[in-house]
Amino acid sequence: MTVELISPYGGRLVDLSAEKTTDHLPSIRLSARTMCDLELLATGGFSPLDRFMSEADFHSVLDNLRLRDGTLFPLPIVLSVPEDSRVEVGMEIGLRTEQNQLLATMQVAEKYRWDLEETATKLLGKFDLRHPLVAEMHRWGTWFISGELRVPRLPPHYDFQNLRLTPLQTRQRFSAMGNPNIVAFQTRNPLHLVHEQLTRRAIDEVNGALFLHPIVGLERMGDVAFYNRIHSYETFVERYFDKDRVLLALLPFASRYAGPRETVMDAIMRRNYGANHLIIGRNHASPLTDRDGNRFYDAYEGQNLFRDYSDEIGVKLIPFRTLVHARDNSQVDVLDRVPRGAKTAPILRSQLHRIETPEGRKPDSWFERQKTAAYIERGNSKQQQQGVCIWFTGLHGSGKSSTASVLTTLLRAQRRTVTLLDSDVLRTNMGQKLGYSRADRETHIRHIGFIASEIVRHEGIAVCVAVSPYRSTRNEVRAMVADGQFVEVWMDAPFEVAEQKDEKGFYQRARRGEIDNFAGIDVPFEQPRNPEIRIDATANSAESSAHILLNYLIQRGFVKPDG
């Protein structure tokens, strides 16, 4: 028996599929983010939107959370091209992958400029370079383009193909289940018994079915390893849930970490996939803290905005309720259902994201299923010493290299795997083609950041030495690394002292015009506003500075004090 589900948002499911088109077109290559957006546009995940946004829609969404026709739509979906792009209105262009595979064509109808600070402030509530999207937006082109899309091929996926279901396919599966009440649960973390209890209660309350719909568009650094995470979901569905009441599929959405706005967007997307309920927890789609250490959004801001628009979207909110461990019966229960006087223990949010408890022991059987835990344990970096990126910034001659060299020796003495990434050394060996323009300097810093992020991901320590004078670029690198595993070290030295200690002669070369865009000479050094550590380079030797840093790493748990 099939049933009728909630209709797609806007009344119909957008379908941009087309026959194969000519391969000989002027083309642009899409980033990983825009490939995710193209896939959701093409398959109807963003219905009723059928293209990258026009200028009128873009500004209307930023100002009013609505398309220009009045339809609620909270996030701008845009495609940028660089300042010197030859794309012009009236052209037909190809949209390609980084590997040059043709995915789609666009008949360019608009090309318009945008402002980074205005966009970030309106979209995210503040302009903060610590926000991962703001850091990324500095790499976007200066123009947005829009026009009719034809998509003969979706972005290719070579893994979990049976789980990469389009909105039409999930709707067909739900309809065949015979249940019109679909409860979506979004997650990027392992599923513990807490989540299992929550989802079971949620579908029982509405007599519905569970739609387990993890976001997989852009993996966030610090997430549990992708393959282990998805395998754990498969095990959860196959072993511990009624197969007639659950569907697992992957959502190719690239998060903006836009908090309340993204919460509303998540509800709209889930309606397009066939769900009419959505479980939302605290701090949904939030990067948590800003540059001052304050939360970007209030914990329940997303839930509150969702409630405001729930009727208009047609999707009901199911809040992630407070759960506790009832010690008397070793069960997980909703706090307000536990009998008065019963002994309970709080379940920390951090516990839900890792295999170990804060005390370092594995959780009891009430906390995690053995089979799913086995998958997570394979990829969880918490089982070993964590990786960390130590990023030295400061003027040339401020003592970065000498301090980093001493610190590297101290860390190796602690039996940690350490890689020293010195900007000058890397430029000599890898970046000969890069000049000293701002764009080339920023590209060089991003290269170092990428290498460092890979080292950190594999539980190593990356000690990076680079002037990196621009805050935006430093924060791009910060965003590449897992939350809490980036340590910005500002070697603070007055210009006069730094120039006096410059043994490499960079200042003299810059004054002669041999080096352009040199920090302190013809471009300013943008001082860090909230570094993890500021070291007075005039009051501390390289050795004492390195010991200050080592003690900090020990306090943070990155290094064991006994080696």
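The shown structure was predicted, so the numbers you read here are calculated from the model rather than taken from an experiment.

> Give a detailed account of the sheet that holds strand β15 (residues 418-422), specifying residues and quantitative values.
Pairing is parallel across the open sheet formed by five strands, whose spatial order is β15-β16-β14-β17-β18. Each end of this open sheet is capped by a strand with a single partner; those strands are β15 and β18 (533-536). When strand polarity is set aside, the average angle formed by the axes of neighbouring strands in this sheet is 20°.

> Quick rundown of the pattern of salt bridges? Include the residues and the values.
Tallied over the full model, the rule gives 26 salt bridges. Of the charged contacts, one joins R200 and E196 as a salt bridge, the two residues approaching to 3.1 Å between their closest N and O atoms. Here the residue R200 and the residue E196 both occupy positions in helix α6 (residues 193-206), the gap between them amounting to four residues, near one helical turn. For R200, a relative accessible area of 29% corresponds to the partly exposed category. Between E488 and R474 there is a salt bridge; the shortest N-O distance is 2.8 Å. Here R474 lies in helix α14 (residues 471-480) and E488 lies in strand β17 (residues 486-492), a separation of 14 residues in the sequence.

> Describe the nonpolar core, listing the residues and the values that go with them.
F46, F52, M53, L95, I145 and F211 are the most contacted members of the largest nonpolar core, which totals 79 residues. In this structure, V388, I390, L407 and V463 belong to the second largest nonpolar core, which totals 25 residues.

> Account for α6, with residues named and values stated.
Helix length check: α6 (14 residues) gives 20 Å between terminal C-alpha atoms against 20 Å at 1.5 Å per residue, within 8%. All of the buried residues in α6 are L193, V194, H195, E196, L198, T199, R201, A202 and I203. One or two residues past the end of α6 sits N207, with phi positive at roughly 55°.

> Which residues make up the pairing of strand β5 (residues 143-150), and what are the values?
With six of its eight residues buried, β5 lies for the most part within the structure. In the sheet, strand β2 (residues 80-81) pairs with β5 via two bridges, with the strands oriented antiparallel. Note that in β5 the partner of V81 across the bridge is W143. Inspection of the sheet shows strand β4 (residues 102-113) paired to β5 by eight bridges, in the antiparallel sense. Bridge assignment links Q107 to a residue of β5, and that residue is E148.

> Provide a residue-level description of the sheet that holds strand β9 (residues 277-280), including the pertinent values.
Each strand in a sheet pairs with another by means of backbone hydrogen bonds, the pair being arranged parallel or else antiparallel. Taken together, the five strands give an open sheet; going across it, the order is β8-β7-β6-β9-β10, and neighbouring strands pair in parallel fashion. What marks the edges here is a single partner per strand, and that holds for β8 (246-248) and β10 (316-319). The average undirected angle you get between the axes of adjacent strands in this sheet is 25°. Where strand β7 (residues 209-212) meets β8, three bridges bridge the pair, whose relative direction is parallel. Across the sheet, residue F211 finds its bridge partner in β8, namely L247. With respect to the sheet, helix α5 (residues 167-177) is in contact with β6 (182-185), β7 and β8, its orientation differing from that of β8 by roughly 165°.

> Explain the packing of aromatic side chains residue by residue, including any values.
Under the counting rule described, the total for this entry stands at 16 aromatic pairs. Between the aromatic rings of W114 and F144, the centroid separation amounts to 4.8 Å while the plane-to-plane angle is 10°, which identifies the pairing as stacked. Taken together, the positions of W114 in the loop between β4 and α3 (116-124) and F144 in strand β5 put the pair 30 residues apart, joining distant regions of the chain. We classify W114 as buried; its relative accessible area is 13%. By the ring-pair criterion, three or more aromatic residues cluster together here, those being F58, Y112, W114, W140 and F144. We note R200 situated over the ring of F241; from NZ or CZ to the ring centre the distance is 4.4 Å.

> Describe the packing of helix α11 (residues 400-413) against helix α17 (residues 542-556), listing the residues and the values that go with them.
Across the interface, α11 lies against α17 with an axial gap of 8 Å and an inter-helix angle of 50°. For the element pair α11 / α17, the angle class is oblique. Crossing angle aside, the handedness with which α11 passes α17 is right-handed. Residues S402, T403, V406, L407, L410 and L411 of α11 form the contact with α17, whose own contacting residues are A542, E543, S545, A546, H547, L549, L550 and L553. Per-class residue counts for the contact of α11 with α17 are nine nonpolar, four polar and one charged.

> How would you explain the side chain of S468 if you had to name every residue and give the values?
Turning to its location among the elements, S468 is positioned in the loop between β16 (461-465) and α14. Residue classification places S468 among the buried residues on the basis of a relative accessible area of 3%. Here A466 takes part through its backbone oxygen, which lies 2.9 Å from a polar atom of the side chain of S468.

> Give a description of the packing of helix α2 (residues 55-64) against α3 that names residues and reports values.
Two elements in contact, α2 and α3, have axes separated by 8 Å at closest approach and are oriented at 45°. The orientation of α2 relative to α3 falls into the category oblique. Note on element contacts: α3 touches α2 through T119, K122 and L123, opposite F58, L62 and D63. Looking at the contact of α2 with α3 residue by residue, the class counts come to three nonpolar, one polar and two charged.

> Which residues make up α11, and what are the values?
Along its 14 residues, α11 runs 20 Å from first to last C-alpha, staying within 8% of the 20 Å computed at 1.5 Å per residue. Considered for burial, the residues of α11 that qualify are K400, T403, A404, L407, T408, L410 and L411. Relative to the axis of α11, the buried residues are bounded by an arc of 165° and lie together on one face. For α11, exposure combined with an orientation more than 90 degrees from the buried face picks out T409 and A413. In this fold, the buried residues of α11 make contact with β14 (388-393), β15, β16, β17 and α17. Once α11 finishes, R415 follows within two positions and takes phi at roughly 65°, a positive value.

> Outline unusual backbone geometry, supporting the account with residue identities and numerical values.
Cis geometry is adopted by the peptide bond preceding P48, which originates at S47 and carries an omega value of 10°. Its location among the elements puts P48 in the loop between α1 (32-43) and α2. Positive phi is not limited to glycine here, since Y257 has a value of about 55°. Along the chain, the position of Y257 falls in the loop between β8 and α8 (259-272). Note on Y257: relative accessible area 13%, which makes it buried.

Cut-off values and rules
- Residues numbered from 1 in each chain as written.
- Predicted model: local features only at pLDDT ≥ 70, side-chain atom pairs only at ≥ 80, totals over all residues.
- Heavy atoms only, no water.
- Pairing = 2+ DSSP bridges.
- Helix = DSSP H or I, 4+ residues; strand = E, 2+ residues; numbered from the N terminus.
- Axes fitted to C-alpha atoms, helices over the stretch in contact; angles between N-to-C directions.
- Salt bridge = Lys/Arg side-chain N within 4 Å of Asp/Glu carboxyl O.
- Buried < 20%, exposed > 50% of the residue type's maximum accessible area, 1.4 Å probe, protein only.
- Core = buried A, V, L, I, M, F, W, Y, C linked by side-chain atoms within 4.5 Å.
- Expected span 1.5 Å × (residues − 1).
- Contact = heavy atoms within 4.5 Å.
- Phe/Tyr/Trp six-rings, centres within 6.5 Å; stacked < 30°, edge-to-face > 60°.
- Lys NZ or Arg CZ within 6 Å of the ring centre and 35° of its normal.
- Parallel < 35°, antiparallel > 145°, perpendicular 65-115°, else oblique.
- Left-handed = near helix turned anticlockwise from the far one by under 90°.
- Nonpolar A, V, L, I, M, F, W, Y, C, P; charged D, E, K, R; others polar.
- Polar contact = N/O pair within 3.5 Å; in protein donor to acceptor, adjacent residues only side chain to side chain.
- Arc of directions from axis to C-beta.

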